[in-house]
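Survey of secondary and tertiary structure
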Amino acid sequence: MLETSPNPVIPASSAASPPPTRSPKNATGAIRTLGSNPATAPVMLHPGDAIPTARRVVYIILLGALTALGPFTIDLYLPAFPALEADFQTSAAAIQLTLTGTMVGFALGQLVVGPLSDKLGRRVPLLCVTALHVLASTAAAIAPSLELLSLARVFMGIGAAAGGVVAMAIVRDLFGGRRLVVMLSRLALVSGVAPVAAPLIGSGLLVVMPWRGIFVVLAAYGAVMLIASLFLVPETLPKARRADRGSATVWQRYRSVLSDRVFIGVLIIGGMTFSGLFSYLSSSSFLFQQTYGFDPQQYGMLFAVNSLGVVLGVQTASRLAARFGPQWVMAVSTAVLVVAGSAIVITDQLGLGLWGTVIPLFFFITACGFTFPCVQVLALDRHGRAAGTAASLIGAVNFGVAGFISPLAAWISGDTGITATTMASVMVGCAVIAVLSLWLVVRPRTVPQLSP
């Protein structure tokens, strides 16, 4: 792929020069040949600027589906937690450990896939790891014991790791500046809505199939993504950039992004926001079905309503971030996380019941939707040459930290059962750390505005 100039060039008069040749077909359709005299042709700021709108829509749909594979792998079976608890005759904490194993596997997989995608290109790691997901999902569907199910879930997490990392890296390969904000907001919408919508779909599946059928569905989803990636996902990383001096090894790529103070700060913010969301996700099945008496369908409808908050947050954040800067959007959204989480604790202690929990919970999830795209933009806009590594660290920290934090609500509750207070206490703790990271590490006033 052709490296373009960082500044647009006004084309010179072409009266005496041959016209540019027609664009050759290539993987992205983004780069055109400039003819025998490149000085006569306009230079694109970013490769994706030349992609037709129709093809851009196809890429977003496909990359969005790949991004959703991870959250669906993690969350689709959440409504089945009580059924798993009864089937394997174990505790709620033991069932939550299968979720933790999946998220840890997802985090480790991203740490490997990200740097490999910067070294080998985007397609090869994506195809290999997605094939692993299909095999592991099949194993989970027939697992005879909780131990084997937990092992299969770890490999399912590893297998789902490539989709989100490669999708973000491809977007960063093609776009930059404010258009990067818009494109990443589309992926952030998927990654934000999918964890909330997946339990709704899972509860619907439980109406027509046992819990093992959910893993058959995930195996089929992975197989479709594998085939689609084989034929439709382009290679967007040029061979020249795979051997950039100073970033040829995994360690050098990690060092290049981890030496950036702003990147570290947004990494913490993203991890804490995601952990707060997953504290709710991992606790909600027990809280709403056992404490508030929801059936799986009512539980799924709760997630459907909350998903509207994520959509509202992500789509609004993309516009505000392009205008005011993502760091200032996060200044508001992280504060709302603290206020909304604290409100859940207060209303539960006052005995206000279900509505006292679900109303501030909606605002908490909406604030998560505002935060996610801003984290991705600030992290990737600064590290275009190591986009895969940067994306892998975002995903690994998000899911790895959340995997360890999300069972805390059950641990704090002990034998008394999960309550809104124990769930929200973990959410508030995560939100406070996010606020501190924004103002003490990122320091919004020091972050420059996005390029056009």
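Everything quoted here is computed from the prediction, not taken from an experiment. (Residues numbered from 1 in each chain as written. Predicted model: local features only at pLDDT ≥ 70, side-chain atom pairs only at ≥ 80, totals over all residues. Heavy atoms only, no water.)

Looking at the packing of aromatic side chains
Summed over all chains, the structure comprises 11 aromatic pairs. Relative to Tyr 221, the ring of Phe 72 lies with its centre 6.0 Å away and its plane at 80°, an arrangement referred to as edge-to-face. On the criterion of sequence distance, the pair formed by Phe 72 in helix 1 (residues 53-75) and Tyr 221 in helix 8 (residues 211-232) is long-range, its members being 149 residues apart. Ring centres of Tyr 77 and Phe 81 lie 5.1 Å apart, and the angle between their planes is 85°; this geometry places the pair in the edge-to-face category. Given the relative accessible area of 1%, Tyr 77 is considered buried. (Phe/Tyr/Trp six-rings, centres within 6.5 Å; stacked < 30°, edge-to-face > 60°. Helix = DSSP H or I, 4+ residues; strand = E, 2+ residues; numbered from the N terminus. Buried < 20%, exposed > 50% of the residue type's maximum accessible area, 1.4 Å probe, protein only.)

Digging into a nonpolar patch on the surface
Judged by side-chain polarity, Leu 320, Phe 324, Trp 328, Val 432, Leu 436, Trp 439 and Leu 440 come together as a nonpolar surface patch covering roughly 640 Å² of accessible area. Among the secondary structure elements, those contributing two or more residues to the nonpolar patch are helix 12 (296-324) and helix 17 (420-442). If you tally residues by element for the nonpolar patch, the top one is helix 17, at four residues. Note that Leu 440 resides in helix 17. (Patch = residues over 30% accessible without salt bridge, like charges linked within 9 Å, V, L, I, M, F, W, Y side chains within 5 Å. Areas by Shrake-Rupley, 256 points an atom, 1.4 Å probe, with all protein chains shown as cover. Salt bridge = Lys/Arg side-chain N within 4 Å of Asp/Glu carboxyl O.)

Describing the confidence of the model for the protein chain
Mean pLDDT for the protein chain: 79, with 83% of residues reaching 70 or above. Averaged over each element, pLDDT in the protein chain is lowest for helix 9 (residues 239-242) (66) and highest for helix 13 (residues 326-349) (95). Contacts from residues 1-43, a stretch scored under 50 in pLDDT, to residues over four places away or in other chains number 64 contacts. (pLDDT = per-residue confidence, 0-100. Contact = heavy atoms within 4.5 Å.)

Topic: the nonpolar core
Counting 69 residues, the largest nonpolar core has Phe 81, Leu 84, Leu 149, Phe 215, Phe 278, Tyr 280 and Phe 288 as the members making the most contacts within it. Leaving out residues up to four positions away in the same chain, Phe 215 has contacts with Tyr 77, Ser 137, Ala 140, Ala 141, Leu 149, Arg 153 and Met 156. Core analysis: the next-biggest nonpolar cluster, separate from the first, contains 58 residues, Val 165, Ala 228, Val 426 and Cys 430 among them. (Core = buried A, V, L, I, M, F, W, Y, C linked by side-chain atoms within 4.5 Å.)

A few points about helix 5 (residues 146-159)
With 14 residues, helix 5 ought to run about 20 Å at 1.5 Å a step, and its terminal C-alpha atoms sit 20 Å apart, in line with that. All buried positions along helix 5 are accounted for by Leu 146, Leu 149, Ala 152, Arg 153, Met 156, Gly 157 and Gly 159. Down the axis of helix 5, the buried side of the element spans an arc of 155°, and every buried residue falls inside it. Buried residues belonging to helix 5 abut helix 1, helix 2 (81-88), helix 3 (92-120), helix 4 (123-141), helix 6 (161-174) and helix 8. (Expected span 1.5 Å × (residues − 1). Arc of directions from axis to C-beta.)

A few points about the packing of helix 13 against helix 17
The contact between helix 13 and helix 17 brings their axes to 8 Å, and the two run at 155°. When the interaxial angle is binned, helix 13 and helix 17 end up roughly antiparallel. The chirality of how helix 13 crosses helix 17 is left-handed. Among the residues forming the contact of helix 13 with helix 17, the class breakdown is 18 nonpolar, seven polar and one charged. (Axes fitted to C-alpha atoms, helices over the stretch in contact; angles between N-to-C directions. Parallel < 35°, antiparallel > 145°, perpendicular 65-115°, else oblique. Left-handed = near helix turned anticlockwise from the far one by under 90°. Nonpolar A, V, L, I, M, F, W, Y, C, P; charged D, E, K, R; others polar.)

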